[in-house]
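Per-entry structural report
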Amino acid sequence: MATIKTGLIDTEDILSNERVVDMSERMHKLQPDEQQFRVMLSQIGSKEAVREIVEWLEDEFMPRTSALAASAASADTALTVTTGDGNTVFRTNHVVRNMETGEGYLVTSTSANSIGVTRTWGGTAAASATSVAKLLIVGHAAAQGASSGTAAVVQRVRQFNYVQDQRDVLFFSDIETAIELYGGREPGKEIAKKAVEHGRAIENSLFWGARDFDASASPGPRGSCGGALEYISTNITNTSGATTPAEMDTFFETPFGYGSKRKVLFCAPRVGTVLSQMYRDKWQPPTAGNDLMYGAKVDAFLNSTYGFTIPVVVKREWADFDATGTNYGTYGFLIDMDYARLRPLRGFNTRLRRNIQEPSSTAVAHEYQTIFSLEFGWEKVHGIVKGITSYSAS
């Protein structure tokens, strides 16, 4: 029997299935799509990888500093130096300055862990030196008519990284692809979303990736690309919570002594907040036409003690990282862009592989694939600061 409605008919009297849903055509996404490091590397210029492992050589100049390993009296002519430096870093006829006392030495002989010297070489009188005194090799003073002496070179170092096959698949039934949905039909919506997720995974690998290779994996070997975290080992500063300007200045000082001036600071939102409080007089928001670097948006610039600015990129997608202790939400990476290079495998840069489902399947499958690696030269030119949770004036 039919249901009869009398009197006022309001919205609650209408069948729920009959109502048209007022659904916005706009899709509200929680996380931002920001892949600045990857974009910057692509803009600078990548080099195709042609093997499952990429390699590069690192070279440096002869060392010019060493140190005493034992105290020296003012009359001592045999000085103990850093283990192994005696007959590698030092050569006969080297002019050396003791950076603690200012005294000059002329090297007369060398052995594995010590050097023989003429004291008071120059105008500074001989003086006792502590066991931690630093030594500067100024140059080589050969006698007239002397032979060339012993040649010495720094051996080059091989570095490497593995190629990683990053894949993200979509799988929908035929019926699902045919029905009407708010915001558009599938798989179109998910293709757009998966492209962002795929790019974010590559960006994550460039920072946090773990370098490894498993030759016994099934059905074939598996490589994993190491990121900046895997390589940087020298210039790592843990500020342990409340961070002072002096700590940040010290952090910037060492990496900027090496490599190029084209360095970029990538940091978590908490770190960006602390830096903006710390450097209010040096924190320069980008202006119109000056907010892009290497094709990616820059959030601010810091004036450095070296006389040039440091672009700052706040990684908003790291906002969900824990920002306590030394968790990744307290991290900042100072990257020398001249010493990092993206290495996509030849013919396998990012692509969408369409319709890869089995022939008998009543479904559709697509897959994003990027096979890539990262060339990350001379870890000393980069730096990591972590543990930044708040600002302290001193």
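In every chain, residue numbers begin from 1 and rise along the written sequence. Where totals are concerned, whole chains, interfaces and linings use all residues; where local detail is concerned, this predicted model gives features only for residues with pLDDT of at least 70, and gives and counts side-chain atom pairs only at 80 or more. Hydrogens and water molecules were not included; the side-chain quantities draw on all heavy atoms of the structure.

**With respect to the sheet that holds strand β2 (residues 65–67)**
Where we set the bar: Think of it this way: DSSP has to see at least two bridges between two strands before they count as a pair. In this text, helices come from DSSP runs of H or I with a minimum length of four residues, and strands from runs of E with a minimum of two, each type numbered from the N-terminal end. Lines fitted to C-alpha atoms define the axes here, with helix axes fitted over just the stretch in contact, and angles between the N-to-C directions of these axes take values from 0 to 180 degrees.
Read across the sheet, 6 strands follow the order β2-β7-β4-β5-β6-β3 without closing on themselves; strand pairing throughout is antiparallel. Here the strands that pair on one side only, and so sit at the sheet edges, are β2 and β3 (78–80). Taken over all neighbouring pairs, the strand axes of this sheet differ in orientation by 45 degrees on average, direction set aside. Examined bridge by bridge, β3 and strand β6 (residues 114–118) share 3 bridges and lie antiparallel to one another.

**Thoughts on helix α3 (residues 188–208)**
We apply this condition: Take the number of residues in a helix, subtract one, and multiply by 1.5 Å to get its expected span. Three exposure classes are used, based on accessible area relative to the maximum for each residue type with a 1.4 Å probe and protein chains only: buried under 20%, partly exposed in between, and exposed over 50%.
Spanning 21 residues, α3 covers 30 Å between terminal C-alpha atoms, matching the ideal 30 Å at 1.5 Å per step. Of all the residues in α3, the buried ones are E190, I191, K194, H198, G199, A201, I202, E203, S205, L206, F207 and W208.

**Remarks on the side chain of E58**
Definition in use: In summary, the charge assignment counts Lys and Arg as positive and Asp and Glu as negative, without counting His or the chain termini. Any Lys or Arg side-chain nitrogen found within 4 Å of a carboxyl oxygen on Asp or Glu counts as a salt bridge. Within 3.5 Å is the distance limit for a polar contact, defined as a pair of N or O atoms, with the added protein rule that one can donate a hydrogen and the other accept it, and that residues adjacent in sequence qualify only through two side-chain atoms. In this analysis, two residues are considered to be in contact whenever any of their non-hydrogen atoms come within 4.5 Å of each other.
Among the structural elements, E58 can be located in strand β1 (residues 53–58). R211 provides the closest opposite charge to the buried, unpaired E58, separated from it by 8.7 Å. Polar contacts involving the side chain of E58 include one to the side chain of W56, which spans 3.3 Å. A polar contact of 2.6 Å, which involves the side chain of E58, links it to the backbone nitrogen of W378. Once you skip the residues sitting within four places of it in the chain, E58 turns out to touch R156, V157, Q159, F376, G377 and W378.

**Thoughts on the pairing of strand β13 (residues 263–267)**
Counting buried residues in β13 gives 5 out of 5 residues, a clear majority hidden from the surface. Of the two faces of β13, the one lined by K263, L265 and C267 and the one lined by V264 and F266 are each fully buried. Of the pairings in the sheet, the one linking β13 to strand β18 (residues 309–314) comprises 3 bridges and is parallel in character. Residue pairing across strands places L265 opposite V312, the latter belonging to β18.

**What about the environment of T80?**
Checked against the element boundaries, T80 lands in strand β3. Given a relative accessible area of 35%, T80 falls into the partly exposed group. Residues T80 and A69 lie 11 residues apart in sequence; the distance between their C-alpha atoms is 5.4 Å. Ignoring any residue separated from it by four or fewer positions in sequence, one finds T80 in contact with A67, L68, A69, A70, N113 and S114.

**Brief notes about the packing of helix α1 (residues 36–44) against α3**
Heads up, the condition is: Relative orientations are named as follows: roughly parallel for angles under 35 degrees, roughly antiparallel for angles over 145 degrees, roughly perpendicular for angles from 65 to 115 degrees, and oblique for any other angle. Gly falls in the polar group here, along with every residue not listed as nonpolar (Ala, Val, Leu, Ile, Met, Phe, Trp, Tyr, Cys, Pro) or charged (Asp, Glu, Lys, Arg).
Put simply, α1 and α3 touch, their axes get as near as 8 Å, and they point 80 degrees apart. Taken together, the axes of α1 and α3 lie roughly perpendicular to each other. In this structure, α1 uses Q36, F37, R38 and L41 to contact α3, whose residues at the interface are G199, I202, E203, L206 and F207. When grouped by side-chain class, the residues that make up the contact of α1 with α3 number 5 nonpolar, 2 polar and 2 charged.

**What about α1?**
Turning to α1, its buried residues number three or more, namely Q36, F37, R38, M40 and L41. In the stretch just after α1, G45 is the one whose phi turns positive, near 130 degrees.

**Here we look at unusual backbone geometry**
Cis geometry marks the peptide bond from S218 to P219; its omega dihedral reads 5 degrees. Looking at where P219 falls in the secondary structure, it is placed in the loop between β10 (212–214) and β11 (222–224). A positive phi angle, near 80 degrees, is found at N93, a position not held by glycine. By secondary structure assignment, the location of N93 is in the loop between β3 and β4 (94–98). Classification of N93 as partly exposed rests on a relative accessible area of 26%. Even without glycine at this site, T120 takes up a positive phi of about 50 degrees. Following the sequence through the fold, T120 ends up in the loop between β6 and β7 (134–140).

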